[in-house]
Amino acid sequence: MNRIPPTVSAENLTQFETLALASSMNLADGHARQQLTAAQGKIVADLPNLWAEAVMRPVEEIEQEAAASFFGMLGQLSHSFAAGRTLSCYSSSLAMEILARSLATASEASDAVALIHPTFDNIPDILRGVGLRLVPVEEGQVHDEDLPTELLERVGCVFITTPNNPTGRVMSQARLRRLAEQCAEHNVVLALDTCFRGFDPAAQFDHYAVLDASGCRWVVIEDTGKLWPTLELKIGWLVRSANVGLPIEKIHSDILLGTSPLIMLMVKRFAEDGADGGLAELQRTIADHRALVRAELADVPGVTFVDDHARVSVERLHVGSRQGMDVWSAVRSQSLYVLPCQKFHWARPHEGERMLRLALSRNPSTLLSGARVLRSALLDAPESQG
Ligand code: EGV
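Presented here is a report on the structure given in the accompanying data block.

Here's the deal with the sheet that holds strand β12 (residues 339-340)
Overall, antiparallel pairing links the 4 strands, which are arranged β9-β10-β13-β12 in an open sheet. Two strands bound the open sheet, and with one partner strand each, they are β9 (304-305) and β12. Pairing between β9 and strand β10 (residues 314-318): 2 bridges, direction antiparallel. Directly across from Phe 305, in β10, lies its bridge partner Leu 317. Along the sheet, helix α12 (residues 261-297) contacts β9, β10 and β13 (355-359); its crossing angle with β10, the most-contacted strand, is approximately 15°.

Let's talk about the pairing of β13
The buried fraction of β13 is high, at 5 of 5 residues. In β13, alternate side chains face the same way, and those of Met 355, Arg 357 and Ala 359 on one face and Leu 356 and Leu 358 on the other are all buried. Where β10 lies against β13, 5 bridges are found, and the strand directions are antiparallel. Counted as the bridge partner of Arg 316 is Arg 357 from β13. Pairing of β12 with β13, which is carried by 2 bridges, proceeds in the antiparallel orientation. Directly across from Pro 340, in β13, lies its bridge partner Leu 356.

Remarks on the site of the ligand
Every residue close to the ligand is listed here: Thr 14, Glu 17, Asp 29, Gly 30, His 31, Ser 93, Phe 120, Asn 122, Asn 165, Lys 226 and Arg 357. Here an oxygen atom of the ligand and a backbone polar atom of Gly 30 are 2.7 Å apart. Calculation on the ligand without its partners gives an accessible area of 360 Å², and the protein chains cover 80% of this total. Residue composition of the shell around the ligand, by class: 1 nonpolar, 6 polar and 4 charged.

Rules of the game
- Residues numbered from 1 in each chain as written.
- Predicted model: local features only at pLDDT ≥ 70, side-chain atom pairs only at ≥ 80, totals over all residues.
- Heavy atoms only, no water.
- Pairing = 2+ DSSP bridges.
- Helix = DSSP H or I, 4+ residues; strand = E, 2+ residues; numbered from the N terminus.
- Contact = heavy atoms within 4.5 Å.
- Axes fitted to C-alpha atoms, helices over the stretch in contact; angles between N-to-C directions.
- Buried < 20%, exposed > 50% of the residue type's maximum accessible area, 1.4 Å probe, protein only.
- Near = heavy atom within 4 Å.
- Polar contact = N/O pair within 3.5 Å; in protein donor to acceptor, adjacent residues only side chain to side chain.
- Areas by Shrake-Rupley, 256 points an atom, 1.4 Å probe, with all protein chains shown as cover.
- Nonpolar A, V, L, I, M, F, W, Y, C, P; charged D, E, K, R; others polar.

Written as structure tokens, this is what we have:
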């Protein structure tokens, strides 16, 4: 195999993604880079009119309409517009930072957070960055059983990504209800990152109805950023329960006055199109792309697809006895960029050593050429015998 000396240094997954930005075969980041659909192209062509509308109308009204369209498209009908309960941010990571600072500032019984493992590494990094301590909770554990009482007694917050990134695993309504009840019982904040929910109908039951019925203190981070190829024009929403007891509004206002009403009008129109069939079309496109990648790599010895039922726009590949970083280096020498998985396993990186993540929200031609490069690199690096 064509081994490149490890001259790159990437400290986190996003730095690996940055390396890929200049390449024509970028299967690294989870942002949407496929072509606009015809209906989406029409919205983009209408941006000058949206600009004129945004200049004229009250921001608050636009903000409510954008949120109503987006939350409605995703089945989140019980979400509240009450004052300060739905705050818009430039990105979901900024929403995450505001939540993290709120948790660190508040007088919680504990400054520890129980965080799903694995998950995208900027979540543990942001939480640790404000001084919070982390306790890993295995994805399988949180989906299959109640959380242990001794864990709930030593954390101030449980943080779950659903659907999870990179596994695509979705928390069921029954599990969410039980987890919310447990959090209510122990006065622990339940935080959900639902940035990938648009891809999976299983994640589109009304989470806000379940959370509110439990009486727990909760925060949800929603995101328009993964769905549509809108050149980083996006909104991350920070939504909270009335009883959350965290200084979220204050910290949000320390950082921003508001997001762009032009982007909110664009989001409103994309969400209307989504509700009108665009979201189902996107889900079919991702399914086609997943099938394309799997077909191209299916018969490579040792290679398996880890997340059978995933519907999110990323796909994990197990490379058998090979090292993921060796494969990463080999395909990089051919200008293909994928994501090595160690850093998703933020508590035990070695668990991700033999996996790669591929982005599916690309044009099919890019996916096909990428899959072919990956295929030949994998065939050139046969599995070790022992
Ligand atoms: C993914 C990167 C950061 C993030 C990428 C991502 N954002 N670091 N603020 O959007 O899965 O590729 O989530």
